[in-house]
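# Fold and geometry: a report
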Amino acid sequence: MSTTTKWLAGINSLLGLWLIVAPFILEAPTGDLWNDVIIGSSIVVIGAYNYYRATNQQSVSTGGATLNVLLGLWLIIAPFVFGVGGALLWSDVIVGVSVASLAAYNAYAAGSSERERTAAESSQL
């Protein structure tokens, strides 16, 4: 697996950590505070898992990366659902776009790796 997927998973973990602390720094309302903490924690766990897999020469989890894409997309719309404005709105939108984009690349790379492995196994038969 490429070092790119490893670092993208690591960056997603760092973005998830930012989500956990951002509501306290930016003084979020209660609804968005818990949303950011829960979604941020999920992104950290999934990103760390994919980073671990990539570090150990395994392909990143397609399912995990896809889940991070969905969590990133939720972050883009969540401030509008909860009526959050100001700096926290922009924090969530920017982190959401970043997480979704980085995780989408990792999901694509993991799928490509799986297709290549399957093709190689088929040609050996």
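Let us look at the structure shown here.

Reading the values: rules and limits
Residues numbered from 1 in each chain as written. Predicted model: local features only at pLDDT ≥ 70, side-chain atom pairs only at ≥ 80, totals over all residues. Heavy atoms only, no water. Core = buried A, V, L, I, M, F, W, Y, C linked by side-chain atoms within 4.5 Å. Buried < 20%, exposed > 50% of the residue type's maximum accessible area, 1.4 Å probe, protein only. Contact = heavy atoms within 4.5 Å. Helix = DSSP H or I, 4+ residues; strand = E, 2+ residues; numbered from the N terminus. Expected span 1.5 Å × (residues − 1). Bend = angle between axes of the 7 residues up to and from the residue. Patch = residues over 30% accessible without salt bridge, like charges linked within 9 Å, V, L, I, M, F, W, Y side chains within 5 Å. Areas by Shrake-Rupley, 256 points an atom, 1.4 Å probe, with all protein chains shown as cover. Salt bridge = Lys/Arg side-chain N within 4 Å of Asp/Glu carboxyl O.

With 11 residues, the main nonpolar core is built from Leu8, Leu15, Leu19, Ile39, Ile43, Ile46, Leu71, Leu75, Val95, Val99 and Leu102. Those residues within four positions of Ile46 in sequence are excluded, and the remaining contacts are Gly64, Ala65, Leu67, Asn68 and Leu71. Ala22, Leu33, Val84 and Leu88 belong to the second largest nonpolar core, which has six residues in total.

The subject of this paragraph is helix α1 (residues 3-25). When the terminal C-alpha atoms of α1 are compared, their 32 Å separation across 23 residues agrees well with the 33 Å that a helix rising 1.5 Å per residue should span. For α1, the principal kink sits at Leu19 and spans about 25°; a proline, Pro23, occurs within the next four residues.

For the rest of this paragraph, the subject is a nonpolar patch on the surface. A cluster of nonpolar side chains, Trp18, Val21 and Ile25, forms an exposed patch at the surface whose accessible area comes to about 260 Å². Tracing the backbone shows Trp18 in helix α1.

Tracing the backbone shows Lys6 in helix α1. Relative accessible area serves as the criterion here: at 18%, Lys6 is assigned to the buried category. Contacts of Lys6, omitting those with residues within four sequence positions, involve Tyr51, Ala54 and Thr55.

This brings us to helix α3 (residues 62-82). The terminal C-alpha atoms of α3, which comprises 21 residues, lie 30 Å apart, in line with the 30 Å expected from a rise of 1.5 Å per residue. The sharpest bend along α3 comes to roughly 35°, located at Ile76, with the proline Pro79 sitting one to four residues further on. Taken residue by residue, α3 has Gly64, Ala65, Asn68, Val69, Leu71, Gly72, Leu75, Ala78 and Pro79 as its buried positions. Directly after α3, the chain includes Gly83, whose backbone phi takes a positive value near 70°.

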